Amino acid sequence: MGRHIRVRELDIWTEQVGQGPDVLLIGGAGDTVESWQFQLDGLADRYRLTAFDNRGAGRTAMPRGRVSVATMADDAADVLDGLGIASAHVAGFSGGSIVSQELALRRPDLVRSLVLQSTWPVPDRYLSTWLRFVQRLAAVDWSERDFLEGFFLDIYTARAHDDGTVAAFIEEVLAFPHKQAPEDLQRYLDAFLDHDGTAGLPRITAPTLVLAGGVDVVARPPLGQAVAEAVPGAQFEVWATEAHQPFQEVPDRWNARVDTFWQEVEAGIGTPHPRAADHDRAAPARREG
């Protein structure tokens, strides 16, 4: 059961499940706690997982004033401090991966390890153009279903569209009562358009696993590779058949991979040697049930 945590001027909606080493999950854009449901369900027997709604998403309000990656990293730190968590394995996707990078720099004491899914060091021209396009897309006066059907074309694989997975996700989003206002999404995306993390990446000390989808047209593999090459000792993997959010499309596989990584960190093995970037040659098994 979730609850609000009061941090500075903000009440941040959080949910915590499970027992074991602590994990903090940081979502992107308008994604809320529910975006991590497969992880909250699938890893709670081994970890104590904490997820939260970013400012301006779900049940966390968007305060007045400028939004920055640094501010959102401070939100994440405040959640951990507010819950009395001394350190956690931190996993973030898309914009949440950028917040995770910044958290590791601002509060390295809190970050046991990093999993960066669909990440980048700084938006290149292609990604910047895409982010601005989404801002304009959100401002168009059309139905929520039409927006989601268009937006999700860039987020999920053709496989997930064809097999009904995306249709099911859309129905869940439409039924969710805590809608994000278009202007809040636009301000959130402004923070990433303005952010360049390149200089800070070499100062990250946490063991780091960078995952990229081979068919991700948003955070394309070269962007993830640039992050992995800049973070000392980071591991980089391309999942050739996956797109922007494999933790939702193939959650069993994703959970198993990060579980292995976290276990190695807990055992003191450190960051494993990188695998070949093209090791993923077949479509993985889908989640059962």
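Model, not experiment: these values are computed from the prediction.

## Details of helix H8 (residues 182–193)
Line of reasoning, step 1. Here H8 is 12 residues long and its end C-alpha atoms lie 17 Å apart, about the 16 Å a rise of 1.5 Å per residue gives.
Line of reasoning, step 2. Where the residues of H8 are buried, they touch helix H2 (69–82), helix H3 (95–106), helix H4 (125–139) and helix H5 (144–151).

## Observations concerning the packing of H5 against helix H7 (residues 165–175)
Line of reasoning, step 1. Running from N to C, H5 and H7 point in directions that differ by 140°, and their axes come no closer than 10 Å. By the angle class used here, H5 and H7 are oblique. Handedness of the H5/H7 crossing: right-handed. Every residue of H7 that contacts H5 at Glu 144, Arg 145, Leu 148 and Glu 149 is listed here: Ile 170, Glu 171, Val 173 and Leu 174.
Line of reasoning, step 2. Per-class residue counts for the contact of H5 with H7 are 4 nonpolar, no polar and 4 charged.

## Points about the pattern of salt bridges
Line of reasoning, step 1. Within this structure, the stated rule accounts for 21 salt bridges.
Line of reasoning, step 2. Salt-bridge contacts for Glu 242 lead to Arg 159; the nearest nitrogen and oxygen are separated by 3.0 Å. Note that Glu 242 is positioned in the loop between strand S8 (235–239) and helix H10 (246–249) and Arg 159 in helix H6 (residues 158–162), a separation of 83 residues in sequence.
Line of reasoning, step 3. For Arg 159, a relative accessible area of 24% puts it in the partly exposed group.
Line of reasoning, step 4. One network of salt bridges, in which partners are shared, links Arg 8, Glu 9, Arg 55, Asp 75 and Asp 78.

## Examining the nonpolar core
Line of reasoning, step 1. Counting 65 residues, the largest nonpolar core has Leu 24, Leu 103 and Phe 192 as the members making the most contacts within it.
Line of reasoning, step 2. Here this core takes 7 residues from H2, the largest share from any one element.
Line of reasoning, step 3. Ignoring sequence-local partners within four residues, the contact set of Leu 24 consists of Thr 50, Phe 52, Ala 76, Val 79, Leu 80, Ala 88, His 89, Val 90, Ala 91 and Leu 103.
Line of reasoning, step 4. Among the nonpolar cores identified, the runner-up in size contains 23 residues, and Val 33, Tyr 47, Val 115 and Val 250 belong to it.

## Thoughts on unusual backbone geometry
Line of reasoning, step 1. Not every positive phi belongs to a glycine, and Ala 29 is a case in point at roughly 40°.
Line of reasoning, step 2. In this model, Ser 118 sits at a positive phi of 60°, which is unusual for a non-glycine residue.
Line of reasoning, step 3. Locating Ser 118 in the fold gives a position in the loop between strand S6 (111–117) and H4.

Analysis parameters
Along each chain, numbering runs from 1 in the same order as the chain's sequence is written. Whole-chain, interface and lining totals are the exception, using all residues; otherwise, since this is a predicted model, local features are given only for residues with pLDDT of at least 70 and side-chain atom pairs are given and counted only at 80 or more. Excluded from the side-chain calculation are hydrogens and water; included are all heavy atoms of the structure. Helix and strand assignments come from DSSP, with helices taken as H or I runs of at least 4 residues and strands as E runs of at least 2, each series counted from the N terminus. The span you would expect from a helix comes to 1.5 Å times its residue count less one. Note on contacts: a residue pair is in contact if any heavy atoms of the two residues lie within 4.5 Å. Every angle, taken between N-to-C directions, lies between 0 and 180 degrees, and every axis is a line fitted to C-alpha atoms, over only the stretch in contact when it is a helix. Here the word oblique covers every angle except those under 35 degrees (roughly parallel), over 145 (roughly antiparallel) and from 65 to 115 (roughly perpendicular). The sense of a crossing depends on the near helix, which, turned anticlockwise from the far helix by less than a right angle, makes the crossing left-handed and, turned clockwise, makes it right-handed. Residue type decides the class: Asp, Glu, Lys and Arg count as charged, Ala, Val, Leu, Ile, Met, Phe, Trp, Tyr, Cys and Pro as nonpolar, and the leftover types, Gly among them, as polar. The working definition used for a salt bridge is a side-chain nitrogen of Lys or Arg within 4 Å of a carboxyl oxygen of Asp or Glu. Working definition: with a 1.4 Å probe on protein chains only, accessible area under 20% of the residue-type maximum means buried, over 50% means exposed, and in between means partly exposed. Within this scheme, the nonpolar core is defined by two criteria: the residues are buried Ala, Val, Leu, Ile, Met, Phe, Trp, Tyr or Cys, and they are joined through side-chain atoms within 4.5 Å.

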